[in-house]
Amino acid sequence: MEKRIPIALAGLLNNVREVAEQDEKFSELIALASKLSAGEQASQTKNALENQSPQQMISIFDRISMNEEPRQNNFHYLPLAPLALDKSIIFAKVAEFKKPQTATYESLLEELGNTIIQTKDDDVTYLENLLVAMQRTTWCIPAAYSHSQLDVSLYDHNRMTSALAMCLAEKTAEEIGKLLGAVTRNYQNTPKENGDDALLKKPVALLVGGDISGVQDFIYTISSKQAAKTLRGRSFYLQLLTEAVLRYVLRELDLPVTNVIYSGGGHFYLLAPLSAKENLDKIQSEISKKLLKHHGIGLYLAVGQAEVSAWGFQKGNFPDYWKQMHADLNRAKRQRYTELKGDMHSKVFALNEHGGNQDATCSICGRESKDTEPIKTGSDDRHCGLCKSFAENIGKDLPKSQFVGLGFATPKETERKSAFDALRSFGMLVKWPEKNKIQFDESVERAVVWSLDDAENWPSVKGTSTAYVTRYTVNLIPMNSSGYPKTFDELQGKAHGMKRLGVLRMDVDDLGNIFSKGLGKEATLARLSALSFQMSLFFEGWLKRICEQAEYKNLIYAVYAGGDDLFVIGPWDKIPGLAQEISDSFAEYTNYHPDFHISGGMAFIGGKYPVYQAADDAEGILDMAKDLSGKNAFGFLEQPWKWDDFIQISYGFELICSIVDELDGPKAIMQLLRELTVEKANCQRKDGRLKYGPWMWQGTYRIYRMEKRAKRKHQDELAG
Ligand SMILES: [Zn+2]
């Protein structure tokens, strides 16, 4: 790794002139990587930093168009400010600063410069800290590589340059020189030379995708009894496992963290040199063996790949390779365990070596296991090592801690017991801070501290070089007064009137299509990276701010939020308003772009209802919303509503809740809502679109009557 780091660093800093005098191959390598990252001819200036008047960056959402011509003016701009979970920072605005933002640029660069001059860490950690600092400070500075539109950040352009430089480094100086010539002629539309076409179509890098399947069943297939205690821990464990597997792949391929395009929600994407191809099968088979040992056939890592040529990185061409890699991922999922070859059968089919004994069944996940023990002394309920660690080692500490320490050491065989043993087998140790200090149980090569929100007071790690990474996570669990997670029974007690929970699932409509077609001829690797970064910033970050508002405070249990979807549980009366707010906020976040919208579905459950069934119910209702033409809808009371129509209900929602509360008559109100729903649907069917029909005024009248009755009852009670 050590000899590769300078290449990654030079790529990240993208400083051609610095290295030019030292080594011709090196400078041509960075120049070529930078051209492939941009996917088009550079403008006259190398980047915006050298521009006469520094400018702001255009929101990537403004560049998407599915049906109409892409937007040509009235762009939305990101502010020039260090990245933070603040509305004034992550929401783009119409107004563009007219004056040059020189001073702002300088202060951002000063912050970056402060990181660059820190040299006490080892090279690998230094690179990761630099990457983090670049994200924080240059996520909003346009790379200004393209002629006209400033929509790719220096951060995205430079990290992809670094990744490509690592891929190209195994080529000879001569090959790099020739390819650089061919790419330059191609971008400039100058006459081609003999052999240019063949060179451009020759693979230069491997696009690798990893996807952990079985995630949904793994999280949700648990008994309802201990659900609130372990659900969040299970979900966070999958985030940790994705990281452990990704870091294991990077370690085995000898690649730095700059080669990762995106990771989260059980999957990751990275760029690797072509030579990685011969090792990938072996690496995947090692991962399968570890997952089999610790999770049986419940969790499986599928790996897909696609070779990308220089031509493939040219703008407009990349989505085809993205699709190709995903097709290969799907093939891998269908042919699972083929990578284990000869010893496949003995591994996969020798799993249930001790079945049938009631004592050995975990009452949370239902798995038969040797290591179960009673949940409490004298209790008949037993939990397995894994479930115990989800509840006690992760579930209990996670809601209280903003930080988590990850230590990295040589992977080693571990016995199947706790979640931490599984992670350790991939070379990752996990430790929560105590009194703002992190101390791992064994010595580690290096450490990474994750902060799950914006941080100031980072914990220290003793004796190990450490990277400090902000990893936004919606880490919300309602707590009771004794500092423990509320049970779902306790949580539903917070609902008005009817004591029920609302289970909410939401995801972005047609996002796959947007990724493959939305950028049209402008699609490049850097732009797709920017799009996935912006999307996850909303679901992994901003969603937390929405749920933290006073009316939802300590009421929302975030089971999962990441990528482009979410799953939360809360008192039923809070959930429709929350769903509406998320949809509205997403519309604003994506600059009210007509191609970006989100659908949701809510199911009612009781606190003892099985979680997997609740997950299924909410998904079914979400599907119902998605079946509505144009999607952009919410499934509620077994009926899909366009968000605009749903507002009609939500206006009366507080009134409804107060009536339910006063009359203690949830059945009556539910009945009324169901009837109104049917009437509304009838109204809609008659002339194709919704009109203001009797269902509205009848509803209003009946609600009014109920309110009167409720008030009278209340007064009688007071008088009596
Ligand atoms: Zn278990």
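Everything discussed here concerns the structure shown above.
Residues numbered from 1 in each chain as written. Predicted model: local features only at pLDDT ≥ 70, side-chain atom pairs only at ≥ 80, totals over all residues. Heavy atoms only, no water.

Quick look at the overall build of the protein
Item 1. When its secondary structure is counted, the protein shows 26 helices and 20 strands.
Item 2. A total of 720 residues make up the protein; the buried ones form 57% of that total.
Item 3. Element-wise, carbon and sulfur atoms account for 49% of the exposed surface of the protein, whose accessible area totals about 31,300 Å². (Helix = DSSP H or I, 4+ residues; strand = E, 2+ residues; numbered from the N terminus. Buried < 20%, exposed > 50% of the residue type's maximum accessible area, 1.4 Å probe, protein only. Areas by Shrake-Rupley, 256 points an atom, 1.4 Å probe, with all protein chains shown as cover.)

Here's the deal with the pairing of strand β20 (residues 639-642)
Successive residues of a regular strand alternate their side chains across the two faces of the sheet.
Item 1. Sheet analysis places strand β19 (residues 633-636) next to β20, joined by four bridges and oriented antiparallel. Looking at β20, one finds that Ala-633 is bridged to Lys-642. (Pairing = 2+ DSSP bridges.)

As for the sheet that holds strand β9 (residues 403-408)
What links the strands of a sheet is backbone hydrogen bonding, and the strands pair in either a parallel or an antiparallel sense.
Item 1. Strands sit in the order β10-β9-β12-β14 across an open sheet of four strands; the sheet is mixed. Looking at strand neighbours, the two that pair on one side only are β10 (428-431) and β14 (466-470), the edges of this open sheet. Across the sheet, the axes of successive neighbouring strands diverge by a mean angle of 25 degrees, strand direction being ignored.
Item 2. Examined bridge by bridge, strand β12 (residues 446-451) and β14 share five bridges and lie parallel to one another. Residue pairing across strands places Ser-451 opposite Thr-470, the latter belonging to β14.
Item 3. Here helix α6 (residues 123-138) sits on the sheet in contact with β12 and β14, set at roughly 25 degrees to β14.
Item 4. Against the sheet, helix α11 (residues 227-253) engages β9, β10 and β12, with an angle of about 145 degrees to β12. (Axes fitted to C-alpha atoms, helices over the stretch in contact; angles between N-to-C directions. Contact = heavy atoms within 4.5 Å.)

Notes on the side chain of Thr-258
Item 1. Secondary-structure assignment places Thr-258 in the loop between α11 and β4 (260-264).
Item 2. Excluding residues that lie within four positions of it along the chain, Thr-258 makes contacts with Ala-8, Leu-12, Leu-127, Leu-131, Arg-159, Ser-162 and Ala-163.

Considerations on the coordination of the zinc ion
Item 1. Within the first shell, the zinc ion binds the protein through Cys-362 (SG), Cys-365 (SG), Cys-384 (SG) and Cys-387 (SG), at distances of 2.3 Å.
Item 2. Seen from the zinc ion, its four donor atoms lie at angles of 106 to 116 degrees, and the figure they make is tetrahedral.
Item 3. Counting residues between consecutive donors of the zinc ion along the chain gives the motif C-x2-C-x18-C-x2-C. Taken together, the residues span a long stretch of sequence, with Cys-362 in the loop between α15 (344-349) and β7 (373-374) and Cys-387 in helix α16 (residues 385-395) at a distance of 25 residues.
Item 4. When its relative accessible area of 1% is taken as the criterion, Cys-387 is described as buried. (Donors = N, O, S within 2.8 Å, 3.2 Å for Na, K, Ca; no water. Tetrahedral: all angles 85-135°; square planar, octahedral: opposite > 155°, others 65-115°.)

Quick look at the packing of aromatic side chains
Item 1. Applying the stated rule across the entire model yields 29 aromatic pairs.
Item 2. Between Tyr-300 and Tyr-337 the ring centres are 4.8 Å apart and the planes differ by 65 degrees, which places this aromatic pair in the edge-to-face class. Linking Tyr-300 in strand β6 (residues 300-309) with Tyr-337 in the loop between α14 (318-334) and α15, this pair joins segments that are 37 residues apart in sequence.
Item 3. Given the relative accessible area of 1%, Tyr-300 is considered buried.
Item 4. Look at Tyr-337 and you get buried, because its relative accessible area is 5%. (Phe/Tyr/Trp six-rings, centres within 6.5 Å; stacked < 30°, edge-to-face > 60°.)

Remarks on the sheet that holds strand β18 (residues 598-605)
Item 1. Reading across the sheet, the six strands line up as β16-β17-β15-β18-β19-β20 and stay open at both edges, with mixed pairing between neighbours. For this open sheet the edge positions go to β16 (557-562) and β20, each flanked by a neighbour on one side alone. Neighbour-to-neighbour, the strand axes of the sheet open up by a mean angle of 15 degrees, direction not taken into account.
Item 2. Bridging between β18 and β19 involves two bridges; their strand directions are parallel. Pairing of Gly-601 across the sheet is with Gly-635, part of β19.

A look at empty space enclosed by the protein
Empty space left among the atoms is revealed by rolling a probe the size of a water molecule over them.
Item 1. Per the counting criterion, the structure on display carries five cavities of 30 Å³ or more.
Item 2. If you add up the space inside the second largest cavity, you get close to 60 Å³.
Item 3. Mapped by element, the contributors of at least two residues to the lining of the second largest cavity are β1 (57-58), α7 (154-168) and α20 (525-547).
Item 4. Here the lining of the second largest cavity takes three residues from α20, the largest share from any one element.
Item 5. Of the residues belonging to the lining of the second largest cavity, the class tally is eight nonpolar, three polar and two charged.
Item 6. When residues of the lining of the second largest cavity are assigned to domains, at least three map to each of domain 1 (5-170) and domain 3 (476-607). (1 Å grid on protein atoms, 1.4 Å probe; cavity = no way out; pocket = protein on both sides within 12 Å on 5 of 7 lines; lining within 4 Å. Points joined across faces, edges and corners; volume = space filled by probe spheres on them. Nonpolar A, V, L, I, M, F, W, Y, C, P; charged D, E, K, R; others polar. Domains from an automatic or database assignment.)

Digging into the environment of Arg-500
Item 1. Looking at where Arg-500 falls in the secondary structure, it is placed in the loop between α18 (488-492) and β15 (501-508).
Item 2. Exposure remark for Arg-500: the relative accessible area of 36% places this residue in the partly exposed category.
Item 3. Considered as a pair, Arg-500 and Pro-571 are 71 residues apart in the sequence and their alpha carbons are 6.3 Å apart.
Item 4. Once you skip the residues sitting within four places of it in the chain, Arg-500 turns out to touch Gln-492, Ala-495, Pro-571, Trp-572, Phe-604, Ile-605 and Gly-606.

Here we look at unusual backbone geometry
Item 1. Located in the positive-phi region is Asn-591, a residue other than glycine, with phi close to 60 degrees.
Item 2. With respect to the secondary-structure elements, Asn-591 resides in the loop between α21 (575-589) and β18.
Item 3. Positive phi, normally seen in glycine, also occurs at Lys-631, with a value near 50 degrees.

Overview of a positive patch on the surface
Item 1. A surface patch of like charges, here positive, comprises Lys-229, Lys-376, Lys-396 and Lys-400.
Item 2. Considering the arrangement of structural elements, one finds Lys-229 in helix α11.
Item 3. What makes Lys-229 partly exposed here is its relative accessible area of 39%. (Patch = residues over 30% accessible without salt bridge, like charges linked within 9 Å, V, L, I, M, F, W, Y side chains within 5 Å. Salt bridge = Lys/Arg side-chain N within 4 Å of Asp/Glu carboxyl O. Lys, Arg positive; Asp, Glu negative; His and termini not counted. Charge placed at Lys NZ, Arg CZ, Asp CG, Glu CD.)

Considering the nonpolar core
Item 1. Counting residues in each nonpolar core, the largest one holds 208 residues, and the members touching the most others are Leu-36, Ile-90, Leu-231, Leu-241, Phe-313 and Ile-582.
Item 2. Excluding anything up to four places from it in sequence, Ile-90 contacts Leu-78, Leu-83, Ala-84, Leu-85, Trp-139, Leu-537, Trp-542 and Tyr-589.
Item 3. Formed by nine residues, the second largest nonpolar core is a distinct cluster that contains Phe-403, Phe-440, Val-444 and Val-449. (Core = buried A, V, L, I, M, F, W, Y, C linked by side-chain atoms within 4.5 Å.)

Description of α21
Item 1. Between the first and last C-alpha of α21 there are 20 Å, a value that for 15 residues agrees with the 21 Å anticipated at 1.5 Å per step.
Item 2. If you check which residues of α21 are buried, you get Ile-575, Pro-576, Leu-578, Ala-579, Gln-580, Ile-582, Ser-583, Ser-585, Phe-586 and Tyr-589. (Expected span 1.5 Å × (residues − 1).)

Topic: the environment of Phe-426
Item 1. Here Phe-426 lies in the loop between α17 (419-425) and β10.
Item 2. Looking at Phe-426, the relative accessible area reads 3%, which means it is buried.
Item 3. With 135 residues separating them along the chain, Phe-426 and Leu-291 place their C-alpha atoms 9.7 Å apart.
Item 4. Leaving out residues up to four positions away in the same chain, Phe-426 has contacts with Leu-241, Ala-244, Val-245, Tyr-248, Ile-287, Lys-290, Leu-291 and Pro-411.

Describing the packing of α11 against α16
Item 1. Closest axis-to-axis distance for the α11/α16 pair is 8 Å, and the angle between their directions is 85 degrees. With respect to their mutual orientation, α11 and α16 come out roughly perpendicular. Two secondary-structure elements touch here, α11 through Lys-229, Thr-230, Gly-233, Arg-234, Phe-236, Tyr-237 and Leu-240 and α16 through Cys-387, Phe-390, Ala-391, Ile-394 and Gly-395.
Item 2. Class assignment of the residues belonging to the contact of α11 with α16 gives a composition of seven nonpolar, three polar and two charged. (Parallel < 35°, antiparallel > 145°, perpendicular 65-115°, else oblique.)

Things to note about the pattern of salt bridges
Working definition: two side chains of opposite charge can pair if their charged atoms are close together.
Item 1. Counted according to the given criterion, the structure contains 39 salt bridges.
Item 2. Where Lys-277 meets Glu-307, a salt bridge forms, and the shortest distance between an N and an O atom there is 4.0 Å. Remark: Glu-307 occurs in strand β6 and Lys-277 occurs in helix α12 (residues 277-295); sequence separation between them is 30 residues.
Item 3. Owing to a relative accessible area of 37%, Lys-277 belongs among the partly exposed residues under this scheme.
Item 4. Taking the relative accessible area as the measure of exposure, Glu-307 reaches 33% and is therefore partly exposed.
Item 5. Between Glu-413 and Lys-293 there is a salt bridge, with its nearest N and O atoms 3.0 Å apart.

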